[in-house]
Amino acid sequence: MGELDRLLGGGIVPGSLILVGGEPGIGKSTLMLQLCNSLAVQGLLVLYVCGEESTEQTALRARRLGVTSEQLFLLSETLFSQVKLQIDRLKPDILIIDSVQILYKAEIASAPGSVAQVREIASECMHLSKGLGISTFLIGHVTKGGEIAGPKILEHLVDTVLEFEGDRQHGYRTLRAIKNRFGSTDDVAIFQMGASGLTEVLNPSLLFLQERNLGISGSVIIPTVEGSRAILIELQALVAPSSFQTASRRSTGLDQNRLALLLAVLEKRMGYQLHQCDVFVSIAGGLKITEPAIDLGLLLAIASSLCAKSIDPETVVLGEVGLGGEVRSISRVEMRLKEAIHMGFTRAIIPKRNVMGLPLEVTRKIAIRGVDLVEEAIRALIN
């Protein structure tokens, strides 16, 4: 699995302890079974502890995914002492714990999933991994707030923390590294969920732009960076007169507080009467973007929808916006522009301070306009 290898920094390090977190039903067990199969067919011995399901249930899913290797062993057990006996007997190369909240130690009086139990189970797994050289994956559930359930020490003990997330209404899933002792952090691997399991997405920009409609208002293309990869995304905005005394502000895939702040900047700098309008903003495809480089594109999408004028479909927009309406410089502009060129875009609106220093190989292939203020960008593309 090339995408997972890249995310982990080149592959799985022997003796490493990896925590995989995600919402129930997002596909964590599916990903782990496919990973088990990839490792088992290479001759590695894999022990999959399926504490939340029977071996028959897990085997049924495995057959559906095409997992048939005899090097993969399933164990339905929740008592850690019994799991440890099987580890001592089999001496596996890879250990999967599904999930860390369901295992328990009989010596501890608290219930499975409690802080004391999770801390002890994670600590025991760490000693097993380091002492026997077993690469261990711990699957962890998340709370309503989106954080991995259990004490924070769980994330401190492990070598790598992977977050598996996605919109269930879309088939896309993102696996994000938020801690990695063997590679870069904030990198991302993208998968597509299908009837036969998860498949790797090697060109995310093409995937997220394939359903894009040209010539509609409120749509803008933004090159964002996830770890070591640039991805083109479509940001859509809809501005409509409000039927209520208090206008609605809704966002999908980006911070709602950031949206409110940028709407205030747009009202102040352009004089738009947005307080009388409902504003809805969404990142197509179900991705979640937190970097400020999408600020300028977000404001342009909102202005485009409000004015009912479309933005040039061959233009990409990037830049951070300050409270004074100034367009601030951003990082890794060259990487973003190269991805835009690769996808056939011919024009870019970027912060003026980022124009200097761009190599000729980039400036010759895409027309670049630098802007200092939000109103400059709006007049260039909309008015």
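See the structure shown above.
Because the structure is a prediction, the values reported are computed rather than measured. (Residues numbered from 1 in each chain as written. Predicted model: local features only at pLDDT ≥ 70, side-chain atom pairs only at ≥ 80, totals over all residues. Heavy atoms only, no water.)

(A) Seen up close, the overall build of the protein. Of the regular secondary structure elements, the protein holds 12 helices and 18 strands. The C-alpha extent of the protein, read off along each of the three principal axes, is 70 × 50 × 35 Å. Scored against the burial criterion, the 383 residues of the protein give a buried share of 52%. For the protein, the proportion of contacts with a sequence separation of at least 24, taken over those separated by at least 6, is 69%. As displayed, the protein offers around 17000 Å² of accessible surface, 50% of which is attributable to carbon and sulfur atoms. For the protein, the centre of its 38 positive side-chain charges and the centre of its 41 negative side-chain charges are spaced 4 Å apart. (Helix = DSSP H or I, 4+ residues; strand = E, 2+ residues; numbered from the N terminus. Buried < 20%, exposed > 50% of the residue type's maximum accessible area, 1.4 Å probe, protein only. Contact = heavy atoms within 4.5 Å. Areas by Shrake-Rupley, 256 points an atom, 1.4 Å probe, with all protein chains shown as cover. Lys, Arg positive; Asp, Glu negative; His and termini not counted. Charge placed at Lys NZ, Arg CZ, Asp CG, Glu CD.)

(B) Structural detail: the nonpolar core. Ranked by internal contacts, the top residues of the largest apolar core, which has 47 residues, are L235, L266, V281, L296, L300, I302 and I378. For this core, the secondary-structure elements that each account for two or more residues are β8 (187–194), α7 (204–209), β10 (219–226), β11 (229–241), α8 (256–270), β13 (277–283), α9 (295–307) and α12 (374–381). Sorting elements by how many residues they give to this core places α9 first, with seven residues. With residues near it in sequence (within four places) discarded, V281 still touches L235, Q236, A237, R250, S251, T252, L254, L259, L298 and I302. Ranked by size, the runner-up nonpolar core spans 31 residues in total, among them L7, L8, L162 and L175. (Core = buried A, V, L, I, M, F, W, Y, C linked by side-chain atoms within 4.5 Å.)

(C) Summary view of helix α2 (residues 28–40). Taking 1.5 Å per residue as the helical rise, α2 with its 13 residues ought to reach 18 Å, and the 18 Å between its terminal C-alpha atoms agrees with that figure. Listing the buried residues of α2 in full gives K28, S29, T30, L31, M32, L33, Q34, L35, C36, N37, L39 and A40. (Expected span 1.5 Å × (residues − 1).)

(D) Structural view of the packing of α8 against α9. Two elements in contact, α8 and α9, have axes separated by 10 Å at closest approach and are oriented at 65 degrees. Crossing of α8 over α9 shows right-handed handedness. Mapping the contact onto sequence places R258, L259, L262, L263 and L266 in α8 and D295, L298, L299, I302 and A303 in α9. (Axes fitted to C-alpha atoms, helices over the stretch in contact; angles between N-to-C directions. Left-handed = near helix turned anticlockwise from the far one by under 90°.)

(E) Fine view of the state of the cysteines. Taken as a whole, this structure holds zero disulfides when the rule is applied. Here C307 is not cross-linked by a disulfide; its sulfur's nearest cysteine counterpart is in C277, at 11 Å. Judged by relative accessible area, C307 falls into the partly exposed class, the value being 27%. (Disulfide = S-S within 2.5 Å.)

(F) Examining the pairing of strand β7 (residues 172–180) more closely. In terms of burial, β7 is a largely internal element, seven of the nine residues being buried. As paired elements, strand β6 (residues 160–165) and β7 share six bridges and run antiparallel to each other. Each bridged residue has a counterpart across the sheet, and for L162 the counterpart in β7 is A177. Where β7 meets β8, six bridges bridge the pair, whose relative direction is antiparallel. Bridge pairing in β8 links R176 to V188. The antiparallel pairing of β7 with β8 creates a hairpin that spans six residues between the two strands, and D186 there sits at a positive phi of about 60 degrees. (Pairing = 2+ DSSP bridges.)

(G) Representation of the pattern of salt bridges in the model. Inspection of every chain in the model, using the stated rule, returns 18 salt bridges. Residue R269 pairs with E375 through a salt bridge whose shortest N-O separation is 2.8 Å. With R269 in helix α8 and E375 in helix α12, this residue pair connects regions lying 106 residues apart in the sequence. One network of salt bridges, in which partners are shared, links E3, R6, D187 and R229. (Salt bridge = Lys/Arg side-chain N within 4 Å of Asp/Glu carboxyl O.)

(H) Highlighting α8. The end-to-end C-alpha distance of α8, which contains 15 residues, comes to 21 Å, matching closely the 21 Å that a straight helix rising 1.5 Å per residue would cover. Every buried residue belonging to α8 is among L259, L262, L263, V265, L266 and M270, and all of these are buried. Taken end-on, α8 shows its buried residues confined to a sector of 160 degrees, consistent with a single buried face. Along α8, exposed side chains directed more than 90 degrees from the buried face belong to N257 and K268. The inward-facing, buried residues of α8 contact β12 (249–252), β13, α9, β15 (320–321) and α12. Backbone nitrogen of N257 and a side-chain oxygen of the N-cap are separated by 3.2 Å at the start of α8; the cap is D255. Following α8 by one or two positions, G271 has its phi on the positive side, about 75 degrees. (Arc of directions from axis to C-beta. Polar contact = N/O pair within 3.5 Å; in protein donor to acceptor, adjacent residues only side chain to side chain.)

(I) Representation of the pairing of β10 in the model. Most of β10 sits inside the fold, with eight of its eight residues counted as buried. Residues S219, I221, P223 and V225 of β10 are buried on one face, and the alternating residues V220, I222, T224 and E226, pointing to the opposite face, are buried as well. Here β10 pairs with β11 via eight bridges, running antiparallel. When the sheet's bridge partners are listed, E226 is paired in β11 with R229. Connecting β10 to the next strand, β11, in antiparallel fashion are two residues, including G227 with a positive phi near 65 degrees.

(J) Just the side chain of E155, in detail. Structurally, the position occupied by E155 is in helix α6 (residues 153–157). Residue classification places E155 among the buried positions, given a relative accessible area of 16%. With near-sequence residues (within four places) excluded, E155 lies in contact with L19, I148, V161 and K179.

(K) Examining the environment of E320 more closely. Inspection of the secondary structure puts E320 in strand β15. It is 5.2 Å that separates the C-alpha atoms of E320 and P292, two residues lying 28 residues apart in sequence. Ignoring anything within four residues of it in the chain, the contact list for E320 reads R258, P292, A293, D295, E326, V327, R328, S329 and I330.

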